[in-house]
Amino acid sequence: MMQGTGRGVSFHYLTAILLLVHALCGSVDGKREIPVGAIFHQVSDHSYESEIAFRYAVERVNMHEKHFELVPIVRYVSPEDSFRTERKVCELAAEGVTAVFGPSSLLTAGIVGSICKTLEIPHIITHWDPEPLGGIEAELRAMTINLYPEADVLSRALADLIVDYSWKSFTIIYDSDEGLMRLKDILQIHGPADAPITVRQIDDDPDYRPLLKDIQSSGESHIILEIRPDRILELLRQAKEVKMLEEYQSYIITSLDAHTIDFEELRYSRSNITALRLMDTKSFDIKNAVHDWEQGEARMKRPFRVSPEHVHTESALYNDAVKIYATAIRELDATEEITPARLSCGSKNLRQWPFGLRIVNYMKVKTEHGITGPIIFDDFGRRAHFHLDIIELSKDEGFKKIATWDPTHGVNYTRSQGEVYSQIVESLQNKTFIVASRIGAPFLMFKEKKDGEFLEGNNRFEGYSLELIDGISKILGFQYRMELVPDGKYGSYNKVTKKWDGLVKYLLDRKADLAVCDLTITYERRTAVDFTMPFMTLGISILYAKPVQQPKDLFSFLSPLSLDVWIYMATAYLGVSVLLFVLSRMAPADWENPHPCKQDNDEVENIWDMCNALWLTMGSIMGQGCDILPKAISTRLVAGMWWFFALIMLSSYTANLAAFLTMERMDATIESAEDLAKQSKIKYGVVMGGSTMAFFQTSNFSTYQRMWASMESARPSVFTKSNDEGRDRVIKGKRMYAFLMESTSLEYITERYCDLTQIGGLLDSKGYGIAMPVNSPYRTAISGAVLKMQEEGKLYQLKTRWWKEMRGGGQCTEVPNSSQENELGIGNVGGVFVVLALGCFCAFLIGILEFLWNVRKVAVEEKVTPWDALKAELKFALNIAVTSKPVHNTLSESTASGKSSLRSKSESRRGSELAGRGNSVRTAASLTNLDKDGFAFDKH
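Residues numbered from 1 in each chain as written. Predicted model: local features only at pLDDT ≥ 70, side-chain atom pairs only at ≥ 80, totals over all residues. Heavy atoms only, no water.

As annotated in an unreviewed UniProt entry, the protein carries the name Glutamate receptor 1 and is attributed to Anopheles merus. The UniProt entry for the protein carries the following text under Subcellular location (unreviewed entry): "Postsynaptic cell membrane". The UniProt entry for the protein carries this comment under Sequence similarities (unreviewed entry): "Belongs to the glutamate-gated ion channel (TC 1.A.10.1) family." (UniProt positions renumbered as here; feature names shortened; annotations may be inferred.)

The next thing to look at is the overall build of the protein. A tally of regular secondary structure across the protein gives 30 helices and 35 strands. For the protein, buried positions account for 44% of its 940 residues. Considering only intrachain contacts with a sequence separation of at least 6, the fraction spanning at least 24 residues in the protein is 69%. Surface accessibility of the protein: about 49300 Å² in total, with carbon and sulfur atoms responsible for 56%. (Helix = DSSP H or I, 4+ residues; strand = E, 2+ residues; numbered from the N terminus. Buried < 20%, exposed > 50% of the residue type's maximum accessible area, 1.4 Å probe, protein only. Contact = heavy atoms within 4.5 Å. Areas by Shrake-Rupley, 256 points an atom, 1.4 Å probe, with all protein chains shown as cover.)

Strand pairing in a sheet relies on backbone hydrogen bonds, with the paired strands running either antiparallel or parallel. On the basis of which strands lie adjacent, the open sheet formed by eight strands has the order β2-β1-β3-β4-β5-β13-β12-β11 and mixed pairing. The open sheet has two edge strands, β2 (68–77) and β11 (368–370), and neither has a second partner. Pairing analysis gives two bridges linking strand β3 (residues 100–101) to strand β4 (residues 123–125), with the strands arranged parallel. Within the sheet, the bridge partner assigned to Phe101 lies in β4 and is Ile124. (Pairing = 2+ DSSP bridges.)

Right, let's get into the pattern of salt bridges. Any two side chains of opposite charge can pair, given that their charged atoms come close. Evaluation of the coordinates by the stated rule reveals 47 salt bridges. Across the pair Glu51 and Arg55 runs a salt bridge whose closest N-O atoms are separated by 3.2 Å. Of this pair, Glu51 and Arg55 both sit in helix α2 (residues 45–64), separated by four residues, roughly a single helical turn. This pair shows no difference in class: Glu51 is buried, exactly as Arg55 is. A cluster of three or more residues bridged by salt bridges with shared partners is formed by Arg75, Arg87, Lys88, Glu91 and Glu95. (Salt bridge = Lys/Arg side-chain N within 4 Å of Asp/Glu carboxyl O.)

What tends to happen in soluble globular proteins is that the nonpolar side chains get buried as a cluster. Ranked by size, the top nonpolar core spans 93 residues in total, and within it Phe54, Leu70, Phe101, Trp293, Tyr325 and Ile359 carry the most contacts. The greatest single-element share of this core, amounting to eleven residues, is contributed by helix α11 (residues 313–333). The residue makeup of this core includes at least three contributed by each of domain 1 (32–148 + 298–381) and domain 2 (150–282 + 388–416). Every residue in contact with Ile359, bar those within four places of it in the chain, is listed here: Pro122, Tyr325, Ala328, Ile329, Leu332, Ile338 and Trp353. Within the second largest apolar cluster, 39 residues are counted, among which are Ile424, Leu468, Ile469 and Ala781. (Core = buried A, V, L, I, M, F, W, Y, C linked by side-chain atoms within 4.5 Å. Domains from an automatic or database assignment.)

Okay, the confidence of the model for the protein next. Taken residue by residue, the protein gives an average pLDDT of 81. The fraction at 70 or more is 81%. Counted against residues more than four places away or in other chains, residues 1–28, with its pLDDT under 50, gives 51 contacts. Here residues 889–940 is modelled with pLDDT under 50, and outside its nearest four sequence neighbours on either side it reaches 25 contacts, counting other chains as well. (pLDDT = per-residue confidence, 0-100.)

Within the secondary structure, His123 sits in strand β4. Overall, the relative accessible area of 1% leaves His123 in the buried class. Placed 23 residues apart in sequence, His123 and Asn146 show a C-alpha to C-alpha distance of 8.4 Å. Apart from the residues within four sequence positions on either side, His123 is in contact with Val100, Gly102, Ala109, Val112, Gly113, Cys116, Met143, Thr144 and Ile145.

Attention now goes to unusual backbone geometry. Omega for the bond connecting Gly102 with Pro103 falls within 30 degrees of zero, at -5 degrees, which places this linkage in the cis form. Of note, Pro103 is situated in the loop between β3 and α4 (106–119). Of note, the amide linkage connecting Ala441 to Pro442 takes the cis form, showing an omega dihedral of 0 degrees. Within the secondary structure, Pro442 is located in the loop between β17 (432–437) and β18 (445–446). At Lys243, a position not held by glycine, the phi torsion is positive, near 60 degrees. Along the polypeptide, Lys243 turns up in the loop between α9 (229–241) and β9 (250–253). At Lys498, a position not held by glycine, the phi torsion is positive, near 60 degrees.

Time to look at helix α14 (residues 464–476). For α14, spanning 13 residues, the distance from its first C-alpha to its last is 19 Å, which sits close to the expected 18 Å at 1.5 Å a residue. Restricting attention to buried positions, one finds in α14 the residues Tyr464, Ser465, Leu466, Leu468, Ile469, Gly471, Ile472, Ser473 and Leu476. Remark: Gly477 follows α14 within two positions and exhibits a positive phi of approximately 85 degrees. (Expected span 1.5 Å × (residues − 1).)

So, in structure tokens, the structure goes:
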């Protein structure tokens, strides 16, 4: 990166020669000499570059200044030699330096700062300087200016970056106590409830592999490196050997010199390596400064090469420090000439430089812009405002700027989302993903083999998940290999062992890049793995057996009343009819004149024979009434009570008939989760370790809490290992077991098992997503591919294909009509028609018998043969045009005279009977008289 010969020794002699020339000849160009001192540590590449930056920054200042010339005086000390450091500072003070730059260690810089404060000589440093535990004492730091970013603000920048990256947990690797102090803000951003932070220290042992393997076994993928720059590359090399530089590991390097490391051999690693940089390596100022360094060293015959991208932060800070100090001298010298003074550290009459405090105060309020960006100091001389570049190691350009940070705005990305997406898609080309899944229809199933067919690789499987990941791979251009998770579980967290199982564990162990199946996105899983956007939305519902179809009963209409009630009703019917008949025979009011127009009729009749009594009660119970009604109070009371009884029974029968007939077709059922929670007869369960189980475990809703308590205490266990086992248990349970499962799987089952159905609505709302390790760089790209498939309707097509078409789908697609569900079929009420048919048939038989009886009677009365009487009556009955009938029909022409003589004899006989009856009536009428009220009395 850089080369030098002679280095510190050459500079030392060069400085001595320049001082000698100035002492003998004075200033050749008439400029006033202002000595500035610098203390560097023993010769190293780093300190050598810083010294070059200091010297040529002074040279550039002198090129532009007309009134004064800065004279550099350089001294060298060991970082641990405090005694020699004190002596060198006093030497510089004795030579009249107006400022002391450096050194870069906390120990030696503290000694220099103390002496400079005593002599009031400005002390300018360029290294990390933490705030003392007791707080800053303004008096002690009155003469110190530090161009290195203030410790607390720099720590806040790292904390902001971690928050922006959404790192929930991480491991810190550090090599010194100072390094851990630099990360105090990072340690404070995590609270007691957050994931733990692991802190690991490395020693002088160059073998870091055991430490890295421990971190790998813990599953941690976020690592912060707070170590010296010369250790970073070797640690990352060993991380690559133990497979800790994969795409799911992310590193943040806290050193501001990370950009100076040659990462060429690690550029093609798949992990994300992020660092911070204080300078813009593409700026004109840094390129100009590097040009000065190289040209100046070339003049001195000392080859030196460094690219702007590899300039150390301290070197850039020395350049800016000289620049801002020269600006302060220039501005103050314009109002009052600044003259150096030789000072002594051991003098009894201590003398201070009168211009030192004024220069420091001016630098604190002055805002400058240098190689390292804006330079703004607070009241304590600390650089409280600065800009940082957030850089990321890329395959093509080495470290590439992706964002900036400043105390006001925080992290601000300079690359667009489109650039990020394009970069990710490019990295996916020709990459082979290991996709973990589990067997479960219709998401992933073993393909049915044909005779003699051998299947291997992805060809062994088929299903929704396979076609989903295949569609995504075609969009993004990657390859994939399907693997089954050994335990067949989705992934749940065991609070006792504090470990995950199933697909989540497979991802945490880095055995797979993706996990795709009916894996529900939950908060708990989201803390362990990342998910894409949901490719399917769903909720929890209840799988239950359909109502059992009962055998049809023709006499279902009798169901509303029990056999006992029907017997009691029949008994009551007969009893009331007999009672009505008896009472009507006894009650005078029910005996009436058969001929109301004939007031002289001496006979009354009672119409309430047994037939009419039975007819009245029958009509009442049927709700139809009767043409004849009782007139006596007793009979009316009996009839009224019977009508009341009949009304109540008829209303009850009618109201319950439809319900009983409907219930006949099905047994009792459940309609919602609340119904399940309220009863204990029907058992219900879920898949062990699934998201549905977690839903009930963590729910705060009282109904679901009761359901979880019931499931947990049930014996035998109501939990299953899979949805298929739950389905089979519902089928075999004969409506004594319900299975709570996700609606998508439930829909798949009910499409193929027509005796199963979904009960109620959804208990919650959630989605299935593709899982991947936390901080996976491919989440955005894969989510974009899922969204594209959704917008193009491909996700809907996939679901239709695997739910309704493949593997026996579509068998139960008939949608029941809710209006038809409550209709009663002929099988339910056919008994009514049977009774009607039997009644009509009996009536027909009785009618035939009555007809034949009448034929016999006519044959006897008319003295004809039964056959002739039958033909005559049948002929008349079939003549539908005739509406009136004589007392007797003419049977035949041959028997007309006989019939006439018989009719004459019969009429004469009836006439004599009527005459006799009339005489009797007249005789009675002459003896008695009837008034309107029916009372008899004698006229005399």
